Amino acid sequence: MRMSEIYAPTLRETPSEAEIISHQLMMKAGLIRKVAAGIYTYLPLGWRSMKKIMQIIREEMDAAGGQELFMPTVHPAELWLESGRWQIYGAELWRVKDRHERDFCLAPTHEEVITNHLRNDIRSYKQLPQRPYQIQTKFRDERRPRFGLMRGREFIMKDLYSFDRDEAGLEVSYQLMHRAYSNIFRRCGLTFRPVEADSGAIGGKGSHEFMALAGSGESEIVYCHNCDYAASDEIAPLVPHGTGRDEELRTRREVETPDCKTVEDVARYLGVASNRMLKSMCYWVLHKDESEEILLALIRGDRQINEIKLKNTLDCLELRFATEEEVRGIGMEPGYCGPVELKKGIRIVADAEAPLMVNHECGGGRKDFHYLDVNFGRDYTADIVADIALVEKGCPCPLCGQPLDSTRGIEVGQIFKLHTKYSSVLGARFVDEQGLEHDMVMGCYGIGVGRTMGAVIEQHHDENGVVWPISVAPYQVCVVPVNDKDQSLMLKAEQIYQALLKRHIEVVLDDRHERPGVKFNDADLLGFPIRLTLGKKTSEYGLVELRLRESGEVRELPIDEAVDSVYAMVQELMAQYE
Ligand code: ATP
Ligand code: MG
């Protein structure tokens, strides 16, 4: 491709709405353009990179027994009603009507449609396992689309579904996918970590997320330096730890705490350590039967509530903090909530540490009052006691007890064991050797293609632009003649360009009428892994300069070795991502 013809509108300024580096660079390097919130066009360079990622994904999926097909984006509501997800998917499900006012959705995922096919087409154990997959556009009407391709409302996903005859079969499929995902992300040049994960709206039990490590990531991972443990903070279990356990139970006392609304205020005012305090948070909860509830959740003062655990514990549709009005509605003063003498009928969910806290402090329910020396069982009880705490850096590892560390990551892929969650409700069954019917045992496996490209840029850039791993670079090489008025230099560059094309190297010739500085800056911004420069030394001594984008390493070569050297360098770099 000639640079003069390429549609890659680079920007000098960083667009103000782009908060993270990958979004900024995708805009500046002309890889994508926004059409609406969370909806993007992939421009030619961005699309080339996307296609390379998709090719790597296809190779690994095929090698793991996948078969590519292509399913529709528009799904009839009936299938989603049948699975129950028409109701429970919530506002993220993009619902549309046709001209006859019939309900459809733009698919956020394809369990319903693929399970429907298999229930109609597969009868016998002889036809299992099946591992159909596709690379296709998904729609999720995200509350906060942001970070460019990271959290779009329309995005490209690879999704594979496995159908096996039993749990042992699922385990095989799951391990094949786990390995394939590791290969894919390694070949894309990502530093990543598979972690134990929550299964969210997809459901099922048993899941891993593949996290590309990056400070800008929206996910928090906790991991252990001492053993192999790594998990998303969404599910990591807290090893409960009591406080004041060697003390005698003291009589409960009421104390005045004027203007002490937060745990920190109270801790300071009363001189009590925050781990001897109990935080009480009011939540509004929407249940699956559409009933609403205001309840109280209790957690040790120095911990945070993990709302995903709370949601899983309650098995509810949605939850959020109660408003001040809702808090007053259950007879409590906002900022002073507590479980003691709570109004009848208001349920309490206590974190598993609450019963292990002896003589603790908590809110008094009314303004400017707290209780001291409160004890579970004597002064209050709970309707549910469960682990609802967020695990943070420093908490003990659930496997070996050493303090956990934490880091941020971008969830580029997730794999789930669905078991018979969909096959049982939708009736996807097969007949075994004895003629007995069984539900198919399923798994599902997703990769965000655009998010993967974003993660690659998050991990591979410098102050001058993108530093593509060659495996996913839009082009491998850029040939830059520095003086376009020098006809003989331009001719030499053209010859090298043609020779590289002949050898199937993906090469760009910067034939533009621009100053060398502009050309170099653009080559850096676009991140071509190899730059071959023809300049003064070419005309005078017949030397060209081969420069590697990543290391900045420069070699001078005789011009007649240029093509062979570039070719060899491309192979060498590519081999790193095999
Ligand atoms: P998240 O927790 O980030 O919202 P998710 O867990 O809902 O994602 P999955 O259902 O596991 O997503 O989808 C599979 C993959 O699709 C994710 O691992 C991610 O890479 C990608 N993905 C999900 N939502 C988006 C989105 N809004 N924009 C871009 N990619 C996405
Ligand atoms: Mg996920």
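Residues numbered from 1 in each chain as written. Chains lettered and ligands numbered in written order. Predicted model: local features only at pLDDT ≥ 70, side-chain atom pairs only at ≥ 80, totals over all residues. Heavy atoms only, no water.

### Quick look at unusual backbone geometry
Step number 1: Between Leu 128 and the following residue, Pro 129, the backbone shows a cis peptide bond with an omega angle of 0 degrees.
Step number 2: Tracing the backbone through its elements, the reader meets Pro 129 in the loop between α5 (111-121) and β7 (132-139).
Step number 3: At Asp 315, a position not held by glycine, the phi torsion is positive, near 50 degrees.
Step number 4: Position of Asp 315 relative to the elements: it lies in the loop between α8 (307-314) and β16 (318-321).
Step number 5: Of note, Glu 341 is a non-glycine position whose phi angle comes to about 50 degrees, a positive value.
Step number 6: Positionally, Glu 341 belongs in the loop between α9 (324-329) and β17 (348-351).
Step number 7: Judged by its relative accessible area of 63%, Glu 341 falls in the exposed class. (Helix = DSSP H or I, 4+ residues; strand = E, 2+ residues; numbered from the N terminus. Buried < 20%, exposed > 50% of the residue type's maximum accessible area, 1.4 Å probe, protein only.)

### Digging into the environment of Ile 20
Step number 1: Here Ile 20 shows up in the segment before α1 (21-28).
Step number 2: Between the alpha carbons of Ile 20 and Phe 147 there is a distance of 6.2 Å; along the sequence they are 127 residues apart.

### Thoughts on the coordination of the magnesium ion (ligand 2)
Step number 1: Around the magnesium ion (ligand 2), the protein contributes the donor atoms Glu 411 (OE) and Gln 414 (OE1), at 1.9 to 2.2 Å from the metal centre.
Step number 2: On the basis of relative accessibility, which here comes to 9%, the residue Gln 414 falls in the buried class. (Donors = N, O, S within 2.8 Å, 3.2 Å for Na, K, Ca; no water.)

### Quick word on the nonpolar core
Step number 1: Counting residues in hydrophobic clusters, the biggest one holds 62 residues, and the most contacted among them are Met 61, Tyr 181 and Trp 468.
Step number 2: If sequence neighbours within four positions are ignored, Met 61 has contacts with Gly 66, Tyr 133, Lys 158, Leu 160, Met 177, Ala 180, Tyr 181 and Ile 184.
Step number 3: Ala 493, Val 563, Leu 573 and Tyr 577 belong to the second-largest nonpolar core, a separate cluster that totals 25 residues. (Core = buried A, V, L, I, M, F, W, Y, C linked by side-chain atoms within 4.5 Å. Contact = heavy atoms within 4.5 Å.)

### Quick look at the sheet that holds strand β5 (residues 94-97)
Paired through backbone hydrogen bonds, the strands of a sheet run either parallel or antiparallel to each other.
Step number 1: Strand order in the open sheet made by the 3 strands is β4-β6-β5, with antiparallel pairing throughout. In this open sheet, the two strands that pair with only one neighbour each are β4 (74-76) and β5. Neighbour-to-neighbour, the strand axes of this sheet turn through a mean angle of 40 degrees, independent of strand direction.
Step number 2: Bridging between β5 and strand β6 (residues 103-106) involves 4 bridges; their strand directions are antiparallel. Within the sheet, the bridge partner assigned to Val 96 lies in β6 and is Phe 104. (Pairing = 2+ DSSP bridges. Axes fitted to C-alpha atoms, helices over the stretch in contact; angles between N-to-C directions.)

### Some thoughts on the packing of aromatic side chains
Step number 1: Per the counting criterion, the structure on display carries 11 aromatic pairs.
Step number 2: Of the aromatic side chains, those joined through ring pairs into one cluster are Tyr 181, Phe 185, Phe 192 and Phe 210.
Step number 3: The ring of Tyr 475 has Arg 48 sitting right over it, with the charged end atom 3.9 Å from the ring centre. (Phe/Tyr/Trp six-rings, centres within 6.5 Å; stacked < 30°, edge-to-face > 60°. Lys NZ or Arg CZ within 6 Å of the ring centre and 35° of its normal.)

### Observations concerning the site of ligand 1
Step number 1: Around ligand 1 sit 16 residues, and of these Glu 142, Arg 151, Gly 152, Glu 411 and Val 412 come closest.
Step number 2: In this structure, an oxygen atom belonging to ligand 1 sits 2.9 Å away from a main-chain N or O atom of Val 412.
Step number 3: In the model, an oxygen atom of ligand 1 is placed 3.1 Å from a nitrogen or oxygen of the Gly 448 main chain.
Step number 4: If ligand 1 stood free it would expose 580 Å²; the protein chains cover 86% of that surface.
Step number 5: Sorting the residues of the shell around ligand 1 by element identifies β8 (154-164) and β21 (405-419) as the ones contributing at least two each.
Step number 6: Ranked by the residues each element gives to the shell around ligand 1, the list is headed by β21, at 5 residues.
Step number 7: Residues that form the shell around ligand 1 fall into these classes: 7 nonpolar, 4 polar and 5 charged. (Near = heavy atom within 4 Å. Polar contact = N/O pair within 3.5 Å; in protein donor to acceptor, adjacent residues only side chain to side chain. Areas by Shrake-Rupley, 256 points an atom, 1.4 Å probe, with all protein chains shown as cover. Nonpolar A, V, L, I, M, F, W, Y, C, P; charged D, E, K, R; others polar.)

### Focus: the sheet that holds strand β28 (residues 507-509)
Step number 1: The strand order across the open sheet built from 5 strands is β28-β27-β29-β30-β31, with neighbouring strands paired in mixed fashion. Two strands lie at the open edges of the sheet, namely β28 and β31 (554-558), each paired on one side alone. Strand-to-strand twist in this sheet, taken as the mean axis angle between neighbours without regard to direction, amounts to 20 degrees.
Step number 2: In terms of strand pairing, strand β27 (residues 477-481) meets β28 through 3 bridges, oriented parallel. Following the sheet pairing, Val 479 is matched in β28 by Leu 509.

### What to know about helix α2 (residues 44-63)
Step number 1: Taking 1.5 Å as the rise per residue, α2 with 20 residues should run 28 Å; its terminal C-alpha atoms sit 28 Å apart, in good agreement.
Step number 2: For α2, every residue scored as buried is listed here: Leu 45, Gly 46, Ser 49, Met 50, Lys 52, Ile 53, Met 54, Ile 56, Ile 57, Glu 60 and Met 61.
Step number 3: At the C-terminal side of α2, Gly 65 shows a positive phi close to 85 degrees. (Expected span 1.5 Å × (residues − 1).)

### Comments concerning the packing of α2 against helix α11 (residues 449-459)
Step number 1: With their axes 10 Å apart at the nearest point, α2 and α11 run at an angle of 110 degrees to one another. In terms of their interaxial angle, α2 and α11 are classed as roughly perpendicular. Along its contact with α2, which presents Gly 46, Ser 49, Met 50, Ile 53, Met 54 and Ile 57, the element α11 presents Val 449, Gly 450, Thr 452 and Met 453.
Step number 2: Looking at side-chain class alone, the contact of α2 with α11 contains 6 nonpolar, 4 polar and no charged residues. (Parallel < 35°, antiparallel > 145°, perpendicular 65-115°, else oblique.)

### Things to note about the pairing of β6
Step number 1: In this structure, β4 lies alongside β6, joined through 3 bridges in antiparallel fashion. Following the sheet pairing, His 75 is matched in β6 by Cys 105.

### Side note on the pattern of salt bridges
Where charged atoms from two side chains of opposite charge approach closely, those side chains can pair.
Step number 1: According to the stated counting rule, one finds 50 salt bridges in the structure shown.
Step number 2: The residue Arg 252 makes a salt bridge to Asp 379 at a minimum N-O spacing of 3.0 Å. Highlighted residues: Arg 252 in the loop between β12 (230-232) and β13 (253-256) and Asp 379 in the loop between β19 (369-374) and β20 (384-386), separated in sequence by 127 residues.
Step number 3: Lys 288 is the salt-bridge partner of Asp 315, the closest N and O atoms lying 2.9 Å from each other. Separated by 27 residues along the polypeptide, Asp 315 in the loop between α8 and β16 and Lys 288 in the loop between β14 (277-286) and β15 (292-300) bring together distant segments of the chain.
Step number 4: Take Asp 315: its relative accessible area is 48%, and that puts it in the partly exposed class. (Salt bridge = Lys/Arg side-chain N within 4 Å of Asp/Glu carboxyl O.)

### Thoughts on the packing of helix α12 (residues 487-502) against helix α15 (residues 562-575)
Step number 1: The geometry of α12 relative to α15 is characterised by a closest axis approach of 10 Å and an angle of 45 degrees between their N-to-C directions. The angle between the axes of α12 and α15 places the two elements in the oblique class. Taken as a pair, α12 and α15 cross one another with a handedness that is right-handed. Within the contact between the two elements, α12 uses Ile 496, Ala 499 and Leu 500 and α15 uses Ala 562, Val 563 and Val 566.
Step number 2: Across the contact of α12 with α15, the residue classes break down as 6 nonpolar, no polar and no charged. (Left-handed = near helix turned anticlockwise from the far one by under 90°.)

### Focus: the side chain of His 75
Step number 1: With respect to the helices and strands, His 75 occurs in strand β4.
Step number 2: A polar atom in the side chain of His 75 sits 3.2 Å from the side chain of Trp 80.
Step number 3: Among the polar contacts listed, one links the side chain of His 75 to the side chain of His 110, at a separation of 3.2 Å.
Step number 4: If we ignore the near neighbours within four places in the chain, the residues touching His 75 are Trp 80, Phe 104, Cys 105, Ala 107, Thr 109, His 110 and Val 113.

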